[in-house]
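Observations on the three-dimensional arrangement
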Amino acid sequence: MQTLITAKTPADGAQAQLWNGPAGRAWVDTQPVLDALFQPFEQLLVAAAHRGQRVLDIGCGTGSTTLALARKVGPQGHSLGIDISEPMIATARQRAVLERSAAHFLCGDAQTQTFEPAHFDRLVSRFGVMFFSDAAQAFTNLRRVAASDAVLHCIAWRSAAENAFMTLAERAAASVLTLPARQPDAPGQFAWADAQKVHGILTESGWAGIDIQPLDVACTLPEPALLPYLTRLGPLGLALQHTAEPMREQVINTVRAAFEPYVQGEQVRFTAACWTITARNSRCI
Ligand SMILES: C[S@@+](CC[C@H](N)C(=O)[O-])C[C@H]1O[C@@H](n2cnc3c(N)ncnc32)[C@H](O)[C@@H]1O
C-alpha cells in the first residue's frame, strides 16, 4: 500500500518544527498516558468505521487510533496514519510491528501530501486537524483522496474557556513564570473552537452534509500521571524545558496545587469539551 503515496518532505514550517521537536518528543514519552486519557474519542471514531473500509487517520501521532482502526476494518480494509512528526511516526511503526498490525504509517504534511486520488472511504482524526497553516487548502487536498461519498469524521477541542482543565497549568504558572500568550486564531489546540469557522473551512474545501455537534466526554487520568502530564505537555511543558532550578520546582509546586480540585482519590477527573464533526465528499475533484 505504501506505493499509493508520493512521499514529500514535511512543509508546514512552525508546526513541523514543533512536532518534530519538543512537542513530538513529549507525546512520544507520554504516549501511554495520552492514549488512556483520549481512549473514549478513539472508541467513538472506531465504532463508526466498518469492516473492509479504507481509512485515513489525519495527524495520527503515535498511532493508537490507526492501529485500532486496522483491527476494526480487518484484512480486507486498510488503515493508514499520516503525521508530520518523524518521532511520532517512528513510535507508531514500532507499535504496528509489536502488535503485528496491518496498519501503515506515513510521515508527511497532510496539507500538501500527494495520495492516490479517491482512495479512502473514511477520513478520521482525533485532535489532529487544528494545526494546518491553511486549513481550507488541507481539506481540499484531503478531499482529493476521499472516494465519492466518503465520510470525514474529526474530533476537535471547543474553546479554551470551555476547557479550563486544559489551560489551568499555564494560568497557574503565570504567577511565577512568563509564558507566551495563546493566539486563538493561530494553528493550535483551540484553532477549531469556533464551529462557524470550521463549517466555513469545510464548505470552502467542498465537503457537504457538514454536521458539527458538541461532545462532552468524562476523562480520567491516574493521579501519578498528572505531574508528567503537566510538566511535559502544552505551553508549560515547553517552557519548563528551559526553566532551571529552583524556579522549576517553584512552578511545578504552584501548578500541581492548582489541580487539587480535579483530584479524586487515585484519579484525576475532568470533562473534555469537544466537537464531533462529520461531512461527506459529495463529488470527486
Ligand atoms: C494533538 S496531536 C494528536 C495525535 C493523535 N491523533 C492522537 O490522538 O494521539 C496532533 C498531531 O497532529 C500532527 N500534525 C500537525 N500538523 C500536521 C500536518 N500538517 N500534517 C500531518 N500531521 C500534522 C502532529 O504531529 C501531532 O501528532
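Residues numbered from 1 in each chain as written. Predicted model: local features only at pLDDT ≥ 70, side-chain atom pairs only at ≥ 80, totals over all residues. Heavy atoms only, no water.

1. Points about the packing of aromatic side chains
Put simply, the rule reads: Think of it this way: a Phe, Tyr or Trp ring, Trp meaning its six-membered ring, pairs with another when their centres are within 6.5 Å, and the plane angle makes it stacked under 30 degrees, edge-to-face over 60, tilted otherwise. Helix and strand assignments come from DSSP, with helices taken as H or I runs of at least 4 residues and strands as E runs of at least 2, each series counted from the N terminus. For the exposure calls, accessible area comes from a 1.4 Å probe over protein chains only, and a residue counts as buried if that area is under 20% of its type's maximum, exposed if over 50%, partly exposed in between.
Throughout the structure, instances matching the rule amount to 16 aromatic pairs. Taken together, a centroid distance of 5.2 Å and an interplanar angle of 80 degrees make the contact between Trp-19 and Phe-131 edge-to-face. Residue Trp-19 is located in helix H1 (residues 13–20), and its partner Phe-131 is located in the loop between strand S4 (120–126) and helix H7 (135–145); the two are separated by 112 residues in the primary sequence. Judged by its relative accessible area of 14%, Trp-19 is buried. Pairing Phe-41 with Phe-127 gives two aromatic rings, centres 5.0 Å apart and planes at 65 degrees, and the pair type is edge-to-face. Pair noted here: Phe-41 is in helix H4 (residues 39–47) and Phe-127 is in the loop between S4 and H7, with a separation of 86 residues, a long-range link. You can call Phe-41 buried: its relative accessible area is 1%.

2. Some thoughts on the confidence of the model for the protein chain
In regions of low pLDDT, the predicted coordinates are not meant to be interpreted in detail. Quick reminder of the rule: Each residue carries a pLDDT score, the predictor's own confidence in it, on a scale running from 0 to 100. Note on definitions: a residue-residue contact is assigned when non-hydrogen atoms from the two residues lie within 4.5 Å.
Mean pLDDT over the protein chain stands at 93; residues scoring 70 or higher make up 95%. Considering only residues more than four positions removed or in separate chains, one finds that residues 1–11, a stretch of pLDDT under 50, has 28 contacts.

3. Quick notes on the pairing of S4
To be explicit about the condition: DSSP calls a pair of strands paired once it identifies at least 2 bridges connecting them.
Of all 7 residues making up S4, 6 are buried, and the element is well covered by its neighbours. When strand S1 (residues 54–58) meets S4, the two strands line up parallel, connected through 3 bridges. Its bridge partner being in S4, Val-55 is matched across the sheet by Arg-122. Direction of pairing for S4 relative to strand S5 (residues 146–157): parallel, over a ladder of 6 bridges. Looking across to S5, one finds that Phe-120 is bridged to Ala-146.

4. Quick look at the site of the ligand
Put simply, the test is: To be near a molecule or strand, a residue needs just one of its heavy atoms within 4 Å of it. Under this definition, polar contacts are N or O atom pairs within 3.5 Å; protein pairs additionally need one hydrogen-donor-capable and one acceptor-capable atom, and for neighbouring residues in sequence, both atoms have to be side-chain atoms. To measure how exposed things are, a 1.4 Å probe is used in the Shrake-Rupley method; for residues, cover is taken only from the protein chains shown. Polarity classes work like this: nonpolar for Ala, Val, Leu, Ile, Met, Phe, Trp, Tyr, Cys and Pro, charged for Asp, Glu, Lys and Arg, and polar for all others, with Gly in that last group.
Close contacts around the ligand come from 18 residues, with Gly-59, Asp-83, Asp-109, Ala-110 and Arg-126 the closest. The backbone of Gly-59 places a nitrogen or oxygen atom 2.7 Å from a nitrogen atom of the ligand. Within the contact set of the ligand, an oxygen atom lies 2.5 Å away from a side-chain nitrogen or oxygen of Arg-126. Within the complex, 98% of the 590 Å² of free accessible area of the ligand lies under protein. Here the shell around the ligand is built from residues that sort into 9 nonpolar, 5 polar and 4 charged.

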